[in-house]
Structure formats: structure tokens, C-alpha cells
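Observations on the model geometry
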Amino acid sequence: MPTGRYLLHDPHDGAPLGEEHFQCAPGPSGWRYVSQLLTPTGDHRGSVDVTLDDLGRPLRVELHAGGWQVRGAALDGVTWVRTDPTGTHATEGNVRAHAFTGDSPAFLVATARLLRPEPSGGPVRVRLVAFTDPVLAPLTVDRTWALVGRDAHPTDAGPLVVDEYRVTDLDTGEVHAVHLAGDVVLSAPGIELDDLRSPPSAFADGGA
């Protein structure tokens, strides 16, 4: 079960945004990721809890940030409930999308797991509902993912397979690289793996 810490920063100006302390693991029915978010000064600022089925679809997503809470799942596309800071009002949403995304590295693993692009297969298009800090407001985004490289690096525990993805935001044209090893993000815009206390988990079918 990988356990570790990501350092988060603004991908545009490099300003520190804090840390994400996580643990994740595949299970008999899919994959789960839980984390606690800290500010740059060490204060608690939120949490992430993501559970996927064995096809990479979101069985349950629960996010907390800025006093807001979102709970969602794959249902008629994706469906969610967003609760305001007072807890007295809630809004429901539904979009014909494939899954959720957000600032957490969990969503990069989840999207790669859902799409599973092949090295020679070209980019795969996906529609996602994004919930980003600080208030977890929903935004529908269209992106493509392409697997552009796969390398095996020798380690004491055996080869570590690293996949490089090219991710394109179809609304802005922005292109960036994401490097994954199993269920751990090695590098991505705004994300730095700072500590990993156990090796990444490999999914049973060998995919990301």
C-alpha cells in the first residue's frame, strides 16, 4: 500500500500550495485513495477520498475543501451533491461525463486507469467534471490523454514501469506531461512526489 506525500504548487508561478499526505491501494473490486491536505503552514485544509471500480469508474468520490463538501459517483454519467459551508443548503448536479477530476494527484491515476490508452493507439478523448480549490465548484472539461512512452527502471524490488502521458486541454489547447508508476504520480504540473514509504502498486492487468 503506497503511502507518502506530494508537494503541491501553482503550476504557473510555482507558489507553494501545501502538501497532500496520501495512501492508496488496489483491492478486489478496484482502487481506493485517501488523503489529507495541508496548507503551506501545516494547517488542515481538506481531504480526498476516491474509490474506483475495476474498470476505473468512480464508485464514490468525497472531497472537502474550504468548508465545502462534494459527494459523487458514476450514475447516468456522473452525479454529485455539493454542500455549502453552513450545511443548510445542497445542490445536485449531473453531467454526461466519464468521471471526475480535480487538483489531487488521485484524479490523474483515476483518469489513466479509466482510459488505458495504448502506446500506438493515439489520444483518447474524455469529458470530466472538475472540482478545484478553494470552493469545489463544478466545471465540465474536455481533454485527451495519449500514452507517449513506457520505460522500465531497475530497482531492488524489480523493474519499475513508468508511463508518460501527454494530456491536452481541448478548451485551452494547453499540453502537459504526466508521469505515473502504477498508482503513484511521479511528476505532473503543480505536483511533486516528495516522499514515498512503499513501492507503487501495480494493477492486476498491468495497466496504469
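Residues numbered from 1 in each chain as written. Predicted model: local features only at pLDDT ≥ 70, side-chain atom pairs only at ≥ 80, totals over all residues. Heavy atoms only, no water.

The protein has the name Glycolipid-binding domain-containing protein in an unreviewed UniProt entry, where Streptomyces fragilis is given as its organism.

**Describing the pattern of salt bridges**
When the charged atoms of two side chains lie near each other, side chains of opposite charge can form a pair. What counts here: Salt bridges are defined by distance alone: a side-chain nitrogen of Lys or Arg within 4 Å of a carboxyl oxygen of Asp or Glu. Starting at the N terminus, helices and strands are each numbered in turn, a helix being any DSSP run of H or I of at least four residues and a strand any DSSP run of E of at least two.
Going through the model one piece at a time under the given rule, you end up with ten salt bridges. Aspartate 133 is the partner of arginine 45 in a salt bridge, and the nearest nitrogen-oxygen pair spans 2.6 Å. Of this pair, arginine 45 sits in strand 4 (residues 44-53) while aspartate 133 is found in the loop between strand 10 (124-132) and strand 11 (137-153), placing the two residues 88 residues apart along the sequence. A salt bridge links arginine 57 to aspartate 53; the nearest nitrogen and oxygen atoms lie 2.7 Å apart. Taken together, the shared-partner salt bridges in this structure form one network comprising Arg32, Asp49, Arg60, Glu62 and Arg71.

**Here we look at the environment of histidine 12**
Its location among the elements puts histidine 12 in the loop between strand 1 (3-9) and strand 2 (16-27). Each C-alpha atom of the pair histidine 12 and proline 189 lies 8.6 Å from the other, and the pair is 177 residues apart in sequence.

**Points about the pairing of strand 7 (residues 78-83)**
Note the cut-off: Strand pairing is defined by DSSP finding a minimum of two bridges between the two strands.
Sheet topology note: the strand 6 (residues 68-74)/strand 7 ladder contains six bridges and is antiparallel. Across the sheet, residue alanine 74 finds its bridge partner in strand 7, namely valine 78. Between strand 6 and strand 7, which pair antiparallel and follow one another directly, the connecting turn spans three residues, one of which, aspartate 76, has a positive phi of 55 degrees. Connecting strand 7 to the next strand, strand 8 (residues 90-95), in antiparallel fashion are six residues, including glycine 87 with a positive phi near 80 degrees.

**Looking at the packing of aromatic side chains**
Defined as follows: Pairing of aromatic rings covers Phe, Tyr and Trp, the last through its six-membered ring, and needs centres within 6.5 Å; plane angles under 30 degrees mean stacked, over 60 mean edge-to-face, and all others mean tilted. The classification of residues rests on relative accessible area computed with a 1.4 Å probe and restricted to protein chains. Under 20% of the type maximum is buried, over 50% is exposed, and intermediate values are partly exposed.
Overall, the coordinates contain seven aromatic pairs when judged by the stated rule. Both rings, one in tryptophan 80 and one in phenylalanine 100, keep their centres 6.5 Å apart while their planes meet at 80 degrees; by these two values the pair is edge-to-face. Separated by 20 residues along the polypeptide, tryptophan 80 in strand 7 and phenylalanine 100 in strand 9 (residues 99-102) bring together distant segments of the chain. Summarising the burial analysis for this pair, tryptophan 80 and phenylalanine 100 share the class buried. Relative to phenylalanine 131, the ring of tryptophan 80 has its centre 5.5 Å away and its plane inclined at 80 degrees; by these criteria the two rings are edge-to-face. Highlighted residues: tryptophan 80 in strand 7 and phenylalanine 131 in strand 10, separated in sequence by 51 residues. A single burial state applies to tryptophan 80 and to phenylalanine 131, both of which are buried.

**With respect to the side chain of serine 104**
The criterion, for reference: In protein, a polar contact requires one atom able to donate a hydrogen and another able to accept it; more generally it is a pair of N or O atoms within 3.5 Å, and residues adjacent in sequence count only if both atoms are side-chain atoms. Between two residues, a contact is recorded if the distance between any of their heavy atoms is within 4.5 Å.
Within the fold, serine 104 resides in the loop between strand 9 and helix 1 (106-115). When its relative accessible area of 6% is taken as the criterion, serine 104 is described as buried. Polar side-chain contacts of serine 104 include one of 2.7 Å to the side chain of glutamate 20. In this structure serine 104 touches Glu20, Tyr33 and Val48, once residues within four positions along its chain are discounted.

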